[in-house]
Amino acid sequence: MRIGLYPGTFDPVTLGHLDIIRRACSLVDRLVIGVAINRDKGPLFSLEERVAMIEAECAALSAQTGCEIVAHPFENLLIDCAKDVEASIIIRGLRAVADFEYEYQMVGMNRQLDDSVETVFLMAEAQHQAIASKLVKEIARLGGDVSKFVTPAVRAALVARLQK
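On a predicted model such as this, the values are computed, not experimentally measured, just so you know.

Thresholds applied
Residues numbered from 1 in each chain as written. Predicted model: local features only at pLDDT ≥ 70, side-chain atom pairs only at ≥ 80, totals over all residues. Heavy atoms only, no water. Helix = DSSP H or I, 4+ residues; strand = E, 2+ residues; numbered from the N terminus. Contact = heavy atoms within 4.5 Å. Expected span 1.5 Å × (residues − 1). Buried < 20%, exposed > 50% of the residue type's maximum accessible area, 1.4 Å probe, protein only. Arc of directions from axis to C-beta. Pairing = 2+ DSSP bridges. Axes fitted to C-alpha atoms, helices over the stretch in contact; angles between N-to-C directions.

**Q** How should the environment of Phe-10 be read in this particular structure?
**A** On the secondary structure map, Phe-10 appears in the loop between strand 1 (3-8) and helix 1 (15-24). Leave out the neighbours within four places in its chain, and Phe-10 touches His-17, Ile-33, Gly-34, Val-35, Arg-50 and Ile-54.

This is the structure:
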């Protein structure tokens, strides 16, 4: 069984993330969505909420593709998380050249830590390349329409959270 790990904060999960997840399903039999705890980023949604969003958004996709998709919270090194979930592939989404520069360094470090784990880069589809969770939250915070960037359920969760 080929197992892939797609890590991120997913605060919130966007259509760009879901595009990468859908395409990653063609590469692996089991896709683990590594939900980073990352306290430094100060997420809008709790870990439990982010995991629940991913599970809800990926249920139909899992059934459609035949790929098992599971959410897995983690706070350790990415390479250690890959070992924990027995992933042989780390999947990273790229939006722009700036993403590649950071990811290139990360791959080099991860290869030094464990060269048995490969990293695969997937470019976001053109219509999703500008989507960033940080920007989606800012647009929602300022009362803008985020329906082009997230699913209706995630949009509703954002609106509800920001109305508190």
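**Q** Looking at this structure, I do not really get helix 4 (residues 97-113). What am I missing?
**A** For an α-helix, 3.6 residues make a turn, and residues three or four places apart therefore share a direction. Taking 1.5 Å of rise per residue, 17 residues should cover 24 Å, and helix 4 covers 25 Å from first to last C-alpha, within 8% of that figure. Those residues of helix 4 lying buried are Asp-99, Glu-103, Val-107 and Asn-110. Projected down its long axis, helix 4 carries its buried residues within an arc of 70°, all on one side. Opposite its buried face, helix 4 presents the exposed residues Val-97, Ala-98, Glu-101, Tyr-104, Gln-105, Met-109 and Gln-112, each directed more than 90 degrees away. Check the buried side of helix 4 and you find it contacts helix 3 (78-84), strand 4 (89-94) and strand 5 (118-123).

**Q** What's the story with the sheet that holds strand 2 (residues 30-36) in this structure? I'm lost.
**A** Whenever strands of a sheet pair, they do so through backbone hydrogen bonds, lying parallel or antiparallel. Taking strand neighbours across the sheet as the criterion, the five strands line up as 3-2-1-4-5 in an open arrangement whose pairing is parallel. With one partner strand each, in any of the chains shown, strand 3 (68-74) and strand 5 form the two edges of the open sheet. Across the sheet, the axes of successive neighbouring strands diverge by a mean angle of 30°, strand direction being ignored. Strand direction decides the pairing type here: strand 2 and strand 3, joined by seven bridges, are parallel. For Val-32, the partnering residue across the bridge sits in strand 3 and is Val-70. Each of strand 1, strand 2, strand 3, strand 4 and strand 5 is contacted by helix 1, which is oriented at about 125° to strand 5, the strand it contacts most. Most of the contacts of helix 4 go to strand 4, to which it runs at about 165°, and overall it touches strand 4 and strand 5.

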